[in-house]
Amino acid sequence: MNRIVTCERKTKETNISITLNLDGSGKNQIHTGIGFFDHMLDGFARHGLFDLAVCVAGDLEVDCHHTIEDTGIVLGNAIKEALGEKAGIKRYGHMILPMDETLALCAVDLSGRPYMKFDAVFSAEKLGTMDTEMIKEFFYAVSYSAGMNIHLKIMDGENNHHMAEALFKSFGKALDMATMEEPRIKEAWTTKGSL
């Protein structure tokens with residue numbers, strides 16, 4: 001099954017192209033214009049074993065909001081398109097990820113129903129040039145455009161960089177688990193008949 005897609009989105013605020021391979025090895029080329037955001041997407045791809053190419057031209061002269069939110073929208077679209085009818089996948093994934101003093105939890109359900117629960121408080125307003133409030137907005141955008149449940153929680157943590165990175169890495173690991181093949185079933189894993 002070929003689970004490689006390219007999704008694009010162009011507005012007056014952003015011009016985005018994302019190529020995603022769900023069955024990759026973590027290779028990535030990421031250029032959003034926001035160094036810390038690139039670092040977070042790199043962690044997501046490497047630890048989820050997704051090949052990911054991201055090219056974004058955004059209105060960074062305004063701020064980072066449109067670039068990060070719209071990247072989440074396009075990534076969510078790519079995940080949804082790559083999964084197709086979701087036949088024969090595990091559907092659910094989870095990870096509790098330690099990063100030094102930080103412990104992050106992520107659980108996902110590729111249910112077709114968008115929902116995002118986010119429990120993380122940052123003491124810094126920015127990490128590099130990325131507003132920390134945009135971490136929640138990014139995952140919200142992914143959830144709604146992919147049609148998936150995402151639960152994210154910082155269970156323990158002090159360092160804002162570690163907390164953010166642990167969230168992105170745990171999301172990569174949880175999504176990798178959820179998109180894995182389940183050899184015992186051939187259809188979508190649901191009592192409804194489709195996801």
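In case you missed it, the structure is sitting above this.
Just so we're clear, the structure is a prediction, and the values are computed from it rather than from any experiment. (Residues numbered from 1 in each chain as written. Predicted model: local features only at pLDDT ≥ 70, side-chain atom pairs only at ≥ 80, totals over all residues. Heavy atoms only, no water.)

S.K.: So what exactly am I meant to see when it comes to the pairing of strand β7 (residues 115–119) here?
M.R.: Regular strands show a simple pattern: their side chains alternate between the two faces of the sheet. Burial along β7 is one-sided: the residues Met116 and Phe118 are buried and none of Tyr115, Lys117 and Asp119 is. Direction of pairing for β7 relative to strand β10 (residues 149–156): parallel, over a ladder of five bridges. Looking across to β10, one finds that Asp119 is bridged to Lys153. (Buried < 20%, exposed > 50% of the residue type's maximum accessible area, 1.4 Å probe, protein only. Helix = DSSP H or I, 4+ residues; strand = E, 2+ residues; numbered from the N terminus. Pairing = 2+ DSSP bridges.)

S.K.: Just checking my understanding: could you explain the packing of helix α1 (residues 35–48) against helix α4 (residues 160–179) for this structure?
M.R.: The description of two helices packed together rests on the angle between their axes and the distance between the axes. For the pair α1 and α4, the least separation of the axes is 7 Å and the interaxial angle reads 35°. For the element pair α1 and α4, the recorded crossing hand is right-handed. Note on element contacts: α4 touches α1 through His161, Ala164, Glu165, Phe168, Lys169, Phe171, Gly172, Lys173, Leu175 and Asp176, opposite Phe36, Phe37, His39, Met40, Leu41, Gly43, Phe44, His47 and Gly48. (Axes fitted to C-alpha atoms, helices over the stretch in contact; angles between N-to-C directions. Left-handed = near helix turned anticlockwise from the far one by under 90°. Contact = heavy atoms within 4.5 Å.)

S.K.: It is not clear to me how helix α3 (residues 133–146) should be interpreted in this structure. Could you clarify?
M.R.: Since the α-helix turns once every 3.6 residues, residues separated by three or four places project in the same direction. Compared with the 20 Å implied by 1.5 Å per residue over 14 residues, the 21 Å span of α3 between its first and last C-alpha is a close match. For α3, the secondary structure elements touched by its buried residues are α1, α2 (65–83), β7, β9 (130–131), β10 and α4. Directly after α3, the chain includes Gly147, whose backbone phi takes a positive value near 70°. (Expected span 1.5 Å × (residues − 1).)

S.K.: I tried to follow the packing of aromatic side chains on my own but got confused; where do I start?
M.R.: How two aromatic rings sit relative to each other is given by the distance of their centres and the angle of their planes. Considering all chains together, one arrives at eight aromatic pairs under this definition. Geometrically, the ring pair formed by Phe138 and Phe168 is stacked, given 5.3 Å between the ring centres and 25° between the ring planes. Taken together, the residues span a long stretch of sequence, with Phe138 in helix α3 and Phe168 in helix α4 at a distance of 30 residues. Pair check on accessibility: Phe138 and Phe168 agree, each one buried. Members of the aromatic cluster, connected to one another through ring pairs, are Phe37, Phe44, Phe50, Phe138, Phe139, Phe168 and Phe171. (Phe/Tyr/Trp six-rings, centres within 6.5 Å; stacked < 30°, edge-to-face > 60°.)

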